[in-house]
Amino acid sequence: LFHAEDDNTTEKAFMISHNIYVVTSMKNNCIKPEFQESYRHNGYDINNWLPDSGATTHFTPYLEDLQNVTTCQIEVLVADGSYSTATHQGSVKLRFTLDQGSTASLTLKRVLYVPGLTKRLFSIPSFTSNDNYSASFSHKFLQLDFGNGDTFTTPLNHSILTTEAAEQIKDE
């Protein structure tokens with residue numbers, strides 16, 4: 001948010017969540033805000049996003065994930081039936097290795113920042129709204145197909161379930 005320098009000291013502030021700031025003072029650049037920098041990159045790793053077939057758009061609880069940020073006030077229905085408010089939206093550029101071995105990136109647009117969420121949610125309906133893209137689930141894997149022969153397959157983490165999915169499994 002701000003950056004001030006004199007001959008020996010650099011002071012920076014990083015917004016780590018809505019209205020919470022971390023200020024670091026660095027004398028001769030001896031202290032680096034490594035937590036912020038390494039954390040920031042985690043949002044760009046597709047493996048840190050939980051695939052969600054019920055989410056209408058992509059969501060993040062980390063404002064730092066977003067690029068091209070704009071403010072908004074959008075009411076969001078959460079899986080537990082409660083409502084939260086998205087306060088910002090932007091884009092996120094995900095990076096990953098395709099099944100074919102090459103590196104690729106995917107830009108998620110209109111990603112909503114919702115304070116209080118605990119996970120980043122990758123919306124399968126939003127992804128498949130591109131006519132060329134498709135997603136298929138098996139018992140253990142999710143495969144994203146980009147319609148040009150490129151695919152990305154990732155294991156599903158069954159220990160992380162939305163409330164609705166947990167209820168369905170419990171009822172079976």
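Above this text you will find the structure in question.
Residues numbered from 1 in each chain as written. Predicted model: local features only at pLDDT ≥ 70, side-chain atom pairs only at ≥ 80, totals over all residues. Heavy atoms only, no water.

J.: With reference to specific residues and values, describe the packing of aromatic side chains.
T.: Applying the stated criterion across every chain yields a total of six aromatic pairs. With centroids separated by 5.7 Å and ring planes inclined at 45°, the aromatic side chains of Phe122 and Phe127 adopt a geometry described as tilted. On the numbers, 4.8 Å between centres and 25° between planes, the contact of Phe127 with Tyr133 is stacked. Phe127 sits in the buried class, given a relative accessible area of 4%. Taken together, Phe96, Phe122, Phe127, Tyr133, Phe146 and Phe152 form an aromatic cluster joined through their ring pairs. Between the NZ or CZ atom of Arg95 and the centre of the ring of Tyr44, over which it lies, the distance is 5.6 Å. (Phe/Tyr/Trp six-rings, centres within 6.5 Å; stacked < 30°, edge-to-face > 60°. Buried < 20%, exposed > 50% of the residue type's maximum accessible area, 1.4 Å probe, protein only. Lys NZ or Arg CZ within 6 Å of the ring centre and 35° of its normal.)

J.: Summarise unusual backbone geometry; cite the residues concerned and give the values.
T.: A positive phi angle, close to 50°, is found at Asn68, a residue other than glycine. One can find Asn68 in strand E6 (residues 67-77). Accessibility expressed as a relative area gives 65% for Asn68, which makes it exposed. (Helix = DSSP H or I, 4+ residues; strand = E, 2+ residues; numbered from the N terminus.)

J.: An account of the pairing of strand E12 (residues 151-155) is needed here, citing residue identities and associated values.
T.: Two elements, strand E11 (residues 141-145) and E12, share five bridges in a ladder whose sense is antiparallel. Bridging from a neighbouring strand, Phe141 pairs with Pro155 of E12. Turn length for the E11-E12 hairpin, with the two strands adjacent in sequence and antiparallel, is five residues, and the turn residue Gly147 shows positive phi of about 75°. (Pairing = 2+ DSSP bridges.)

Just geometry here; none of it tells us what the structure is for.
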